[in-house]
Amino acid sequence: MTVRYRQPMSSELTIELAPSSSPRSAEDRARLLADPGFGQVFTDHMVSISYAADRGWYDAQLTAYAPITLEPATSVLHYGQAIFEGLKAYHQAGGGVALFRPEMNAARFQRSARRLAMAELPTELFLDSVRALVRADRDWVPTRPGESLYLRPLQFAVDPFLGVRPALAYRYLLFGSPAGNYFPGGVRPVSVWLSTEYVRAAPGGTGEAKCAGNYAASLVAQAQAADQGCDQVVWLDAIEHRFVEEMGGMNLYFVMADGRLLTPALTGTLLPGVTRDSILTLGRDLGMDTVEGRISTDEWQRGCEDGTIAEVFACGTAAVVTPVGQVKHAGGGFTVADGAPGAVTMKLRDALLGIQQGTAPDPHGWMVPVD
Ligand SMILES: *Cc1c(COP(=O)(O)O)cnc(C)c1O
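All values derive from a computational prediction rather than experimental measurement. (Residues numbered from 1 in each chain as written. Predicted model: local features only at pLDDT ≥ 70, side-chain atom pairs only at ≥ 80, totals over all residues. Heavy atoms only, no water.)

Here we look at the overall build of the chain
The secondary structure content of the chain amounts to eight helices and 18 strands. A compact globule built from 371 residues would reach a C-alpha radius of gyration of about 21 Å, and the chain, at 21 Å, matches this within 12%. Dimensions of the chain along its principal axes, counting C-alpha atoms only, are 70 × 50 × 35 Å. Sorting the 371 residues of the chain into buried and exposed places 51% on the buried side. Nonlocal contacts in the chain, meaning residues at least 24 apart in sequence, comprise 71% of its contacts between residues at least 6 apart. Accessible surface computed for the chain: about 16,100 Å², of which carbon and sulfur atoms make up 53%. When the 31 basic and 40 acidic side-chain charges of the chain are each reduced to a single mean position, those positions are 3 Å apart. (Helix = DSSP H or I, 4+ residues; strand = E, 2+ residues; numbered from the N terminus. Rg over C-alpha atoms; globule rule 2.2 N^0.38 Å. Buried < 20%, exposed > 50% of the residue type's maximum accessible area, 1.4 Å probe, protein only. Contact = heavy atoms within 4.5 Å. Areas by Shrake-Rupley, 256 points an atom, 1.4 Å probe, with all protein chains shown as cover. Lys, Arg positive; Asp, Glu negative; His and termini not counted. Charge placed at Lys NZ, Arg CZ, Asp CG, Glu CD.)

In structure tokens form, the structure reads like this:
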């Protein structure tokens, strides 16, 4: 039997706590946390919240992590109203657990919902769900440097209806997955393939939304990059296939030899990363001239050949900051500087990880402790 009890929460809807009656033992957990990798191990609990057009958000529960059942007619399976988020809870050097800028994820989740004509989850409910899960699964937050508890909120349409229109019912789920150090053997630069055949996002499309369909559409290009011997695909603009947008599921940065730090501007076809936003601030903190601009693939190649581009890196929640070493395209390829991780890249990476892990001061108030 599960014990149900209420706990005051800051949002209007209370999350009912019905903890797992069979959480894994400390031994099992220790075995799973020894080498969690990414996205393969799941914690003991999840949060679920339902929405109906005539009721609003209701039935918020924290329960055991478990399968869900859906009718074959469930509309998300046909028309793809599905959005998600990714954020992390970090073990703090001084003890405790803290989230990195979770209100940014809550706001983006709402923007994604709006773009897909879905109901928006209130910010406080999003934050409460994250706090409730992290409290319940606190022992699943890994403690070694570079490790974290990755949190995955998602929302999808659950109407059993085949007509094409925005659904009237949605389900929100949140679960956690301990994540190992992305670079256990030390930071390794990635190789990238410039995709001129496929595009990720077009003006007026869903590029700004963190929706499932964007990822479905990206897989064939990622497979093509792998066929070319590259780790990741770089997305170019949809019109001219010339201007650099993103790398896989990460934003890109160019460190210029003159000290400028350039990232492609948010034109509506890029995903506005929380990490991207944080690096703009950290770059300014380090005295760099930060620019949200535009760079073509020709400028990228020329800049690497004449030395005006000193470093290139990608950034995102999962891998934090990842140097780009090699670039390949249909007409050849080139190396960024000497192909090794650059000094500015590593400085920004260390600055961000220091704040996230509580080993450095947090001057911008980005960390949100979970008590
Ligand atoms: C999630 C995502 C990013 C990175 O966003 P963060 O908030 O920094 O994790 C970048 N590009 C795409 C396409 C994404 O889906």
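Next comes the rest of the description.
Quick look at the layout of surface pockets
The volume enclosed by the largest pocket comes to roughly 660 Å³. Those elements giving two or more residues to the lining of the largest pocket turn out to be strand 7 (148-157), helix 5 (212-227), strand 10 (232-236), strand 11 (244-247), strand 12 (250-256), helix 6 (274-285) and strand 15 (309-316). Sort the elements by how many residues they give to the lining of the largest pocket and helix 5 lands first, with five residues. Its residues placed into classes, the lining of the largest pocket shows 17 nonpolar, twelve polar and five charged. Each of two domains, domain 1 (10-179) and domain 2 (190-356), supplies a minimum of three residues to the lining of the largest pocket. Its volume calculated, the second largest pocket comes out at about 240 Å³. The wall of the second largest pocket is formed by 18 residues, among which Asp237, Phe243, Glu245, Thr267 and Thr269 lie closest to the centre. Looking at the lining of the second largest pocket residue by residue, the classes come out as nine nonpolar, five polar and four charged. (1 Å grid on protein atoms, 1.4 Å probe; cavity = no way out; pocket = protein on both sides within 12 Å on 5 of 7 lines; lining within 4 Å. Points joined across faces, edges and corners; volume = space filled by probe spheres on them. Nonpolar A, V, L, I, M, F, W, Y, C, P; charged D, E, K, R; others polar. Domains from an automatic or database assignment.)

Concerning the packing of helix 6 against helix 8 (residues 343-357)
One can describe the packing of helix 6 onto helix 8 by two numbers: an axis separation of 10 Å at closest approach and a directional angle of 110 degrees. When the axes of helix 6 and helix 8 are compared, the pair comes out roughly perpendicular. From helix 6, Thr275, Ser278, Ile279, Leu282 and Gly283 reach across to helix 8, where they touch Leu348, Ala351, Leu352 and Ile355. A class-by-class count of the residues in the contact of helix 6 with helix 8 yields six nonpolar, three polar and no charged. (Axes fitted to C-alpha atoms, helices over the stretch in contact; angles between N-to-C directions. Parallel < 35°, antiparallel > 145°, perpendicular 65-115°, else oblique.)

What to know about the nonpolar core
Core analysis: the biggest nonpolar cluster contains 42 residues, and Ile49, Trp57, Leu121, Phe126, Val134, Leu151 and Tyr172 have the highest contact counts within it. Of the residues forming this core, the biggest block, seven residues, is contributed by helix 4 (residues 123-136). Not counting chain neighbours up to four residues away, the residues in contact with Leu121 comprise Ile49, Trp57, Phe109, Gln110, Phe126, Gln155 and Tyr172. In terms of nonpolar packing, the next biggest core, distinct from the first, is built from 23 residues, Leu194, Met250, Phe254 and Met256 among them. (Core = buried A, V, L, I, M, F, W, Y, C linked by side-chain atoms within 4.5 Å.)

Points about helix 6
With twelve residues, helix 6 extends 17 Å from end C-alpha to end C-alpha; this agrees with the ideal 16 Å at 1.5 Å per step. With nine of twelve residues buried, helix 6 is to be regarded as a mostly interior element. Among the residues of helix 6, Val274, Thr275, Arg276, Ser278, Ile279, Leu280, Thr281, Leu282 and Gly283 are the ones counted as buried. Two residues or fewer past helix 6, Gly287 is found with a positive phi of approximately 85 degrees. (Expected span 1.5 Å × (residues − 1).)

Brief notes about the site of the ligand
Around the ligand, 15 residues are found, and the nearest of them are Lys210, Tyr215, Glu246, Thr275 and Thr317. Lys210 places a side-chain nitrogen or oxygen 2.6 Å from an oxygen atom of the ligand. Protein chains bury 96% of the 390 Å² of accessible surface belonging to the ligand in isolation. More than half of the atoms of the ligand fall within 2 Å of the grid points belonging to the largest pocket. Its residues placed into classes, the shell around the ligand shows four nonpolar, seven polar and four charged. (Near = heavy atom within 4 Å. Polar contact = N/O pair within 3.5 Å; in protein donor to acceptor, adjacent residues only side chain to side chain. Sits in = over half its atoms within 2 Å of the grid points.)

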